[in-house]
2 protein chains.
Amino acid sequence: MQAGSPKWRRRSEARPGEIVQAALEVFAEKGFAAAKLDEIAAKAGVSKGALYLYFETKEDIFRAVVREAVAPNLDMVEAVLAREEPPFPDLMRGMFEHLSQVIETTRLGAVAKLVIGESRNFPELARVWHDEIVSRALTALSKALARAQMRGEVRTGDPRLQAFSLMGPILMGVIWQETFTPVGAPALNLRILILQHADTVLSGLKPRVGVRP
Amino acid sequence: MQAGSPKWRRRSEARPGEIVQAALEVFAEKGFAAAKLDEIAAKAGVSKGALYLYFETKEDIFRAVVREAVAPNLDMVEAVLAREEPPFPDLMRGMFEHLSQVIETTRLGAVAKLVIGESRNFPELARVWHDEIVSRALTALSKALARAQMRGEVRTGDPRLQAFSLMGPILMGVIWQETFTPVGAPALNLRILILQHADTVLSGLKPRVGVRP
DNA sequence: CGAGTATATGACTCATGAGTCAGTTATACG
DNA sequence: CGTATAACTGACTCATGAGTCATATACTCG
């Protein structure tokens, strides 16, 4: 051992973040049950014991990972909510652009896959995601759609289902990337997918020609 | 013990199917790792030892469950492939109708969730699903779209991405049902979702008015 | 500089659950 | 019937990995 190079350092400030980051990678790779604490610890550059200085249990770490990933999405939701009514297609294109960036810069897709896969074992997490992200975003979107319908910018129909038409293909793209691309399927350019989908679906949402009052 | 009512019966023909059925329920509920063989055995009405008369390992049972669920879907794919070119919207509505029924009558959604969640731990299964179902269906759909574009029934664009616009919202609906509904989210009427989405997306895929050659 | 303390280690324990197998029971068939 | 054997059971073994803790090391502050 070189003198002057300590075996480890005290970094109580930075540790939790490093651990959550490492855990995200391992959970995304293996799922909750198959992820090993030793591997998470190794990846975070600490021993297993150190994990227990900052977290109570393995589940605790998992929860932290999922909650961590919630934050950037709340921004997303806020963005949708905030904008005051430009023409509907412009509103959507702005939202799609924002979403593209979030997907590119975060591990949102991996976490979504985790939440989906573990929803039965961690119902509270599924509930958190639903209540704090999915439901809020969907409601905001539905309301924007309802208003656009009133203004005659969007054809009539259940706004909540229209929201599925808007968002579904993007979710499918994200899942595709996480599930099939690592297994040999051709990669997907999500940005282009989103652009073309916007083109299609926004055109499809335009009011029918020749409807009666 | 009543005489004349044996403790168990020999049913070597029926067992494998019963076991796979029970395993599907437990895997769908818990995921691969958290599913216990004792629970699967109990649900199938046999002892744990009996499982090993028909399957080598737990993974083996999992594979059987996933492969089992592939069968009805291959029919789906065939259905898409077979029909000879009615007008594109009719073709799609037929396909959507067929798909609605498959979703209602099978546990397709649950298995899809399993494949997505376990894809990293069972890459061969993800590959099987990709190669035998998803890719084939998507390719068939893309070809139909490409032909419809040639005929001027569908606007130009990458047919593979258009396929995502068609299928994504349905996948999202299925995942919603499996993930959020059990956790208190409002249930979704998939049939209606599919109908309204068909309306929206098929309208959106119609050729643009006033394109240049 | 040298207690004193917060931070970290890694060998250990112990619950869990997949997989095994010696023994038991149903059934087919002479 | 009775006997051979396929079908089945459930108590057991054993590997794994989460969680613990006695010990060691880095830092802090008087």
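Only a predicted model underlies this, so the values are computations on that prediction, with no experimental measurement involved. (Residues numbered from 1 in each chain as written. Chains lettered and ligands numbered in written order. Predicted model: local features only at pLDDT ≥ 70, side-chain atom pairs only at ≥ 80, totals over all residues. Heavy atoms only, no water.)

## Focus: helix H2 (residues 37-44) of chain A
Residues and elements named next belong to chain A. Defined as follows: Accessible area is worked out with a 1.4 Å probe on protein chains only. A residue is then buried under 20% of its type maximum, exposed over 50%, and partly exposed in between. Where helices and strands are cited, they refer to DSSP runs of H or I of at least four residues and of E of at least two residues respectively, numbered from the N terminus. Summarising the geometry, the arc corresponds to the directions from the helix axis toward the C-beta atoms.
For H2, the complete set of buried residues consists of Leu-37, Ile-40, Ala-41 and Ala-44. Projected down its long axis, H2 shows its buried positions confined to an angular sector of 100°, all on one face. One or two positions beyond H2, positive phi appears at Gly-45, with a value near 75°.

## Focus on the interface of chain B and chain A
As a reminder, the rule being used: A contact between two residues is defined here by any heavy atoms of the two lying within 4.5 Å. For any pair of parts, buried area is found by adding up, for both, the accessible area (1.4 Å probe) each one loses once the two are put together. Only one rule defines a salt bridge in this text: a Lys or Arg side-chain nitrogen within 4 Å of an Asp or Glu carboxyl oxygen. Throughout this description, a polar contact denotes any pair of N or O atoms lying within 3.5 Å of each other; where both atoms belong to protein, one of them has to be capable of donating a hydrogen while the other can accept it, and for residues adjacent in sequence the pair is counted only when both atoms sit in side chains. Residues are grouped as follows: nonpolar covers Ala, Val, Leu, Ile, Met, Phe, Trp, Tyr, Cys and Pro; charged covers Asp, Glu, Lys and Arg; every other residue, Gly included, is treated as polar.
At the junction of the two partners, chain B supplies 53 residues and chain A supplies 53 residues. Contact between chain B and chain A buries roughly 4700 Å² in total, counting both sides, with carbon and sulfur atoms accounting for 66%. Ranking the residues of chain B by area buried against chain A places B:Arg120, B:Phe164 and B:Met172 at the top, with a combined share of 16%. In this structure, the salt-bridge partner of A:Arg120 is B:Glu178, at a minimum N-O distance of 3.9 Å. Remark: the boundary between chain B and chain A carries 18 residue pairs in polar contact (both at pLDDT 80 or more). Elements that contribute at least two residues to the side of chain B that touches chain A include exactly helix H1 (15-34), helix H6 (108-118), helix H7 (123-150), helix H8 (159-179) and helix H9 (190-204) of chain B. Tallied by class, residues from the side of chain B that touches chain A come to 28 nonpolar, 15 polar and ten charged.

## Comments concerning the relation of the copies chain B and chain A
This is how the line gets drawn: Superposing copies: least-squares fit, C-alpha atoms only, residues required to have pLDDT of at least 70 in both.
In the superposition of chain B on chain A (RMSD 0.1 Å, axial shift 0.0 Å), the rotation amounts to 180°. Look at the turn and shift together and you get a two-fold axis relating the two. Residue B:Gly204 of chain B places its C-alpha closer to the rotation axis than any other residue of that unit, at 1.6 Å.

## Some points on the confidence of the model for chain A
Regions with low pLDDT should not have their predicted coordinates read in detail. The criterion, for reference: The pLDDT score gives, residue by residue, the confidence of the prediction method on a 0 to 100 scale.
Residues at a pLDDT of 70 or more form 96% of chain A, whose mean pLDDT is 90. Considering each helix and strand of chain A separately, the mean pLDDT is smallest for helix H4 (residues 58-82) of chain A, with a value of 84, and largest for helix H9 (residues 190-205) of chain A, with 98.

## Focus on the protein's contact with DNA strand C
Put simply, the rule reads: Any residue with at least one heavy atom within 4 Å of a molecule or strand is counted as near it.
Taken together, 24 residues are adjacent to DNA strand C, and A:Arg15, A:Ser47, A:Tyr54, B:Lys36 and B:Lys58 come closest. In the interface set of DNA strand C, defined as its atoms within 4 Å of the protein, sugar plus phosphate atoms amount to 69%. Here A:Arg9 contributes a backbone N or O atom positioned 3.2 Å from a phosphate oxygen of DNA strand C. Measuring from a phosphate oxygen of DNA strand C, one finds a backbone N or O atom of A:Arg11 at 3.0 Å. Listed by contribution, the elements that provide at least two residues to the surface near DNA strand C are helix H3 (48-54) of chain A together with helix H3 (48-54) of chain B. Sorting elements by how many residues they give to the surface near DNA strand C places H3(A) first, with four residues. Its residues assigned to classes, the surface near DNA strand C shows ten nonpolar, four polar and ten charged.

## Structural notes on the pattern of salt bridges
Summed over the entire model, instances satisfying the criterion amount to 25 salt bridges over all chains. For the salt bridge of A:Glu18 with A:Arg15, the shortest nitrogen-to-oxygen distance reads 3.4 Å. With A:Glu18 and A:Arg15 both in helix H1 (residues 15-34), this residue pair falls three residues apart, about one helical turn. The class for A:Glu18 is partly exposed, based on a relative accessible area of 26%. For B:Arg208, the salt bridge identified is with A:Asp199, shortest N-O distance 3.2 Å. Taken together, the residues span two chains, with B:Arg208 in the segment after H9 and A:Asp199 in helix H9.

## Notes on the packing of helix H5 (residues 88-105) of chain A against helix H7 (residues 123-150) of chain A
All names here are of chain A. Our working rule: To obtain each axis, a line is fitted to C-alpha atoms, and for helices this fit is confined to the stretch in contact; angles are then taken between N-to-C directions over 0 to 180 degrees. Between 65 and 115 degrees an angle is taken as roughly perpendicular, under 35 as roughly parallel, over 145 as roughly antiparallel, and anywhere else as oblique. Crossing handedness: left-handed means the near helix sits turned counterclockwise from the far one by under a right angle, and right-handed means the same turn made clockwise.
Contact geometry of H5 with H7 gives a least axis separation of 10 Å together with a crossing angle of 160°. Relative to H7, the element H5 is oriented roughly antiparallel. Crossing handedness for the pair H5 and H7: left-handed. Two secondary-structure elements touch here, H5 through Phe-88, Leu-91, Met-92 and Met-95 and H7 through Leu-141, Ala-144, Leu-145 and Ala-148. Partitioning the contact of H5 with H7 into residue classes produces eight nonpolar, no polar and no charged.

## Brief notes about the layout of surface pockets
Rolled over the atoms, a probe as big as a water molecule pinpoints where empty space is left. This is how it is decided: Each cavity reported here is a set of points on a 1 Å grid over the protein atoms alone in which a 1.4 Å probe fits but cannot get out, each pocket an open set with protein on both sides within 12 Å along at least five of seven lines, and each lining residue one with an atom within 4 Å of a point. Grid points are joined across faces, edges and corners, and a volume is the space filled by probe spheres set on the points.
Quantified by volume, the largest pocket comes out at close to 470 Å³. Forming the walls of the largest pocket are 17 residues, and the residues nearest its centre are A:Ser203, A:Lys206, B:Arg155, B:Ser203 and B:Lys206. Every element with two or more residues in the lining of the largest pocket is listed here: H5 and H9 of chain A together with H9 of chain B. The element contributing the most residues to the lining of the largest pocket is H9(A), with three residues. Of the voids in this model, the second largest pocket is the one considered here, and its volume is about 380 Å³. Lining the second largest pocket are 29 residues; nearest its centre among them are A:Phe32, A:Gly117, A:Glu118, B:Gly31 and B:Glu118. For the lining of the second largest pocket, the elements supplying multiple residues, two or more each, are H1 and helix H6 (108-118) of chain A together with H1 and H6 of chain B.

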